[in-house]
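A look at the structure
Read off the chains here:
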Amino acid sequence: MADEQKPAGSPSPAQQGAGGANPKAGAAAGAAKTAPPKPAAAAPPKPPATMAATPWDSELARDLRNRFGERIGETSTYLGQDFLVAKPDAVIPILEYLKLEGDFDYLVDITAVDWPKKPERFELVYILYSFAHNRRVRVKTAIADGYRPASAVGVHLTANWLEREVYDMFGIEFAGHPDLRRILLPEDWQGFPLRKDYSIVQQDERWVRENLGIESGQ
Amino acid sequence: MPESTFLDSTELVLNMGPQHPSTHGVLRVILKLDGEKVLGTDCVIGYLHRGVEKIAENRTYAQFNPYVDRMDYVAAVSNGLGYCLAIEKLLNVEAPPRAQAVRVILTELNRVASHLVWLGTHALDIGAITPVFYCFREREEALKIFENYCGARLTTHAFRIGGLQYETYDGFEREVLAFCDMFLPKVDEYEELLTNNRIWAGRLQRVGVLNAEECKEYGVTGPVLRAAGVKWDVRKAQPYSGYEQYEFEIPTRENGDTYDRYVVRMQEMRQSVRIMRQAVEKLAPGPIMAKVPKVIKPPVGEVYVSIEAPKGELGYYVVSDGTTQPYRVRVRPPSFVNLQALDRMVAGGLVADVVAIIGTIDIVLGEVDR
Amino acid sequence: MANLLRKIFLADLFQGLRVTFHYQNPKYICTEQYPAERPKVAERYRGAPRLNINPDNDETLCISCNLCAVACPENLIVVGWERNEQTKRKDLTTFTYDTSRCMFCGLCEDACPVDALELTQDFEMAGYTRDGQIWDREMLEQGPQPKAYRS
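Only a predicted model underlies this, so the values are computations on that prediction, with no experimental measurement involved.

Along its length, chain A carries 4 helices and 6 strands. Reading chain A from its N terminus to its C terminus gives the helix and strand order β-α-β-β-α-β-β-β-α-α. The burial tally for chain A puts 42% of its 218 residues in the buried class. Surface summary for chain A: the accessible area is close to 11,500 Å², and the carbon and sulfur share equals 53%.

Let us now look at the sheet that holds strand β3 (residues 90–98) of chain C. Residues and elements named next belong to chain C. Read from one edge of the open sheet, 3 strands run β2-β3-β5, paired in antiparallel fashion. Pairing within the sheet leaves two strands with one partner each, and these edge strands are β2 (77–83) and β5 (134–135). Across 7 bridges, β2 lies against β3 in antiparallel orientation. Paired with Ile77 across the strands is Tyr97, a residue of β3.

What follows concerns helix α2 (residues 61–69) of chain B. For α2 of chain B, the tally of buried residues reaches 8 of 9 residues, placing the bulk of the element in the interior. Within the span of α2 of chain B, buried status applies to Tyr61, Gln63, Phe64, Asn65, Pro66, Tyr67, Val68 and Asp69 of chain B.

Moving on: the pattern of salt bridges. Enumeration over the complete set of coordinates arrives at 52 salt bridges over all chains. Arg182 of chain A is paired through a salt bridge with Asp168 of chain A; the nearest N and O atoms lie 2.6 Å apart. Placement of the pair is Arg182 of chain A in the loop between α3 (159–170) and α4 (205–212) and Asp168 of chain A in helix α3, with a sequence separation of 14 residues. Arg182 of chain A sits in the buried class, given a relative accessible area of 7%. The partner of Asp110 of chain C in a salt bridge is Arg160 of chain B, with the nearest N and O atoms 2.7 Å apart. Of the two residues, Asp110 of chain C is situated in helix α4 (residues 107–111) and Arg160 of chain B in strand β4 (residues 159–160); the pairing between them involves two chains.

All names here are of chain B. Summarising burial for strand β7 (residues 312–320): 9 of the 9 residues are buried, a large majority. Where strand β6 (residues 301–309) lies against β7, 9 bridges are found, and the strand directions are antiparallel. Within the sheet, the bridge partner assigned to Ala309 lies in β7 and is Gly312. Hairpin connection between β6 and β7: a loop of 2 residues separates the two successive antiparallel strands. The pairing of β7 with strand β8 (residues 328–332) spans 5 bridges and is classified as antiparallel. In the strand pairing of β8, Tyr317 is matched with Arg330.

It is worth spelling out the side chain of Arg121 of chain A at this point. Residues and elements named next belong to chain A. With respect to the secondary-structure elements, Arg121 resides in the loop between β4 (106–114) and β5 (122–130). For Arg121, a relative accessible area of 11% corresponds to the buried category. Ignoring anything within four residues of it in the chain, the contact list for Arg121 reads Val113, Asp114, Trp115, Pro116, Ile143, Ala144, Asp145, Arg195, Lys196 and Asp197.

A few words on the packing of helix α6 (residues 172–194) of chain B against helix α11 (residues 258–282) of chain B. All names here are of chain B. For the pair α6 and α11, interaxial distance at closest approach is 10 Å and the crossing angle is 160°. The angle between α6 and α11 falls in the class roughly antiparallel. Crossing of α6 against α11: the hand is left-handed. Taken together, the residues of the contact of α6 with α11 break down into 15 nonpolar, no polar and 6 charged.

A word on unusual backbone geometry. With glycine set apart, most residues show a phi of negative sign, and most peptide bonds adopt trans. Its identity is not glycine, yet Leu79 of chain A carries a phi of approximately 55°, on the positive side. Locating Leu79 of chain A in the fold gives a position in the loop between β2 (72–78) and β3 (81–86). Even without being glycine, Arg206 of chain B reaches a positive phi, approximately 60°. Within the secondary structure layout, Arg206 of chain B lies in the loop between α7 (198–204) and α8 (212–218).

Parameters and conventions
Residues numbered from 1 in each chain as written. Chains lettered and ligands numbered in written order. Predicted model: local features only at pLDDT ≥ 70, side-chain atom pairs only at ≥ 80, totals over all residues. Heavy atoms only, no water. Helix = DSSP H or I, 4+ residues; strand = E, 2+ residues; numbered from the N terminus. Buried < 20%, exposed > 50% of the residue type's maximum accessible area, 1.4 Å probe, protein only. Areas by Shrake-Rupley, 256 points an atom, 1.4 Å probe, with all protein chains shown as cover. Pairing = 2+ DSSP bridges. Salt bridge = Lys/Arg side-chain N within 4 Å of Asp/Glu carboxyl O. Contact = heavy atoms within 4.5 Å. Axes fitted to C-alpha atoms, helices over the stretch in contact; angles between N-to-C directions. Parallel < 35°, antiparallel > 145°, perpendicular 65-115°, else oblique. Left-handed = near helix turned anticlockwise from the far one by under 90°. Nonpolar A, V, L, I, M, F, W, Y, C, P; charged D, E, K, R; others polar.

What follows is the structure, encoded as structure tokens:
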């Protein structure tokens, strides 16, 4: 919204963009540039940026790797926060291990992030905290649409409502959950709002018509 | 319905509907009763669901700031603080010391205001009608300070990413200190009204017990956890915004019943006044905004930042994909997680206890439903 | 023994009643008699929006930079402008502000570089129609005109 794309053949010489990227309005000083301003179409595409995480090396990380081997993908740290990426079927054993051996007795949150372009579309995130050691760790896993991960209710009782909310918003069903039904939206709502293909102005029009008696929309 | 109860002829299913004076908002509790004894509860929430997390994906970082106040609308300043801290962590900036001190003052004032609402409404639910008038009269003074500072009483939008927008107004320190001086005797008055009162003790003691193990299992934080004996506060465990400089205590009690939560919150109000006084002394002239670009575009990454809101641990999990709009903002609401424990706390109690327990968990439906 | 006496003679209840009766004194009444006396709102209060006019030459201060519209989370400001041929500057033609969706967050007021748009201390903006809540430039420059029923 705040950027304005000016055409590449702009008269002002101060508007030459940094080499290789999209020409931005007003970008000038210090840019490595060639003599004439390049049009945007000729620039090579940049690789998608990824998180600048650094490897997380600590006793806990080593213990986890020893115990779970290659079911743990990466153990990294970003901005001082440790996380590990695990295979989907290893998540519950990891949570149990962390609770019993690592004193991570408090499950802070379970949430999901939708990356529609990836084959493993959803990224389930479990945030854990240890009272004894005063540290947090995140356990992430990537699951595909339709995969039913195991429920963490057996390990932490908090997971009950948290998983219900993930189901409600994303449609991820948890196998073994005692009471998996919608929690924030009405019981008979169709659709999973926090998925990226659900538009922000979209509503379940059938539900609105039946229950509120109006045509939905503003 | 929970599977531990099954319907037989002496049971009654009673609906404590979304419109109810004692449910602190639009909360629906389906009670399974045997006479007056409660056999099981089922909370139906979502009446105030506004899709705040979805909105966040369609607004820029600075534009989402006002929406955050509307979740826990009683303690809007805390919500704003949590969000600003999360984005500042993503950007790897820190607010300057003066901004941090003002943030602490406003957040603690907000904690006092939130606990005053809790006390007034909790007492009102139980049947003590007088405290609510006194609490709201004191809250008025606190809201006047908010209004003088940022222009709004409830949905304050007080903080910005990187610091503060407004410099403190003339007389800010004087008014805050006047509030502190005025407020401590009033807390003594509330205690005179309630603490030794036999009716109050009779209604609250041994009601809604949740011991430390159960608290940790259910992920309950905040005054509920501290009343159960766990001395844990995010401000001390993982300090933010300069809280490590201030001296304050974490009140705890052992029993974990409703009366203990009442005592813990009254003590917390006193400790908040203590922190406010120290923060006012620490106020030194300086910049109020860190160097943050005009268009906020954090690098690709994710962060989880949590603060001690008046209700418990309020966390923000923000995923950024390098554009001006966040990719995912997840708010970890303390009231939502605390409300889960309602079923355990109510088990074996009476219907009147349900009202007391809902009040003591201190939920705000705006935060439960988001 | 003292405890028993306290229990029989309801000492704790009288302690509470003492507080309550203390406040029966009329000097503690803090009710605001609205609308007879209007509350004094703070200087920074975020109330009704207003488009300010330069007092010297009676022209609007707005330079049609559109920063307020960009800053608004609800996208409810629409700025209409046309290029002035002589001065080569933008002239404001229409300015639409939808107060029915506004949440009075103040982001537009913070964004305005010339202090043309500001949220004033007026809070009496109620109306009877939903369309009446969409304010055009004239309404923004005059401010809300609540009808006074009694002087």
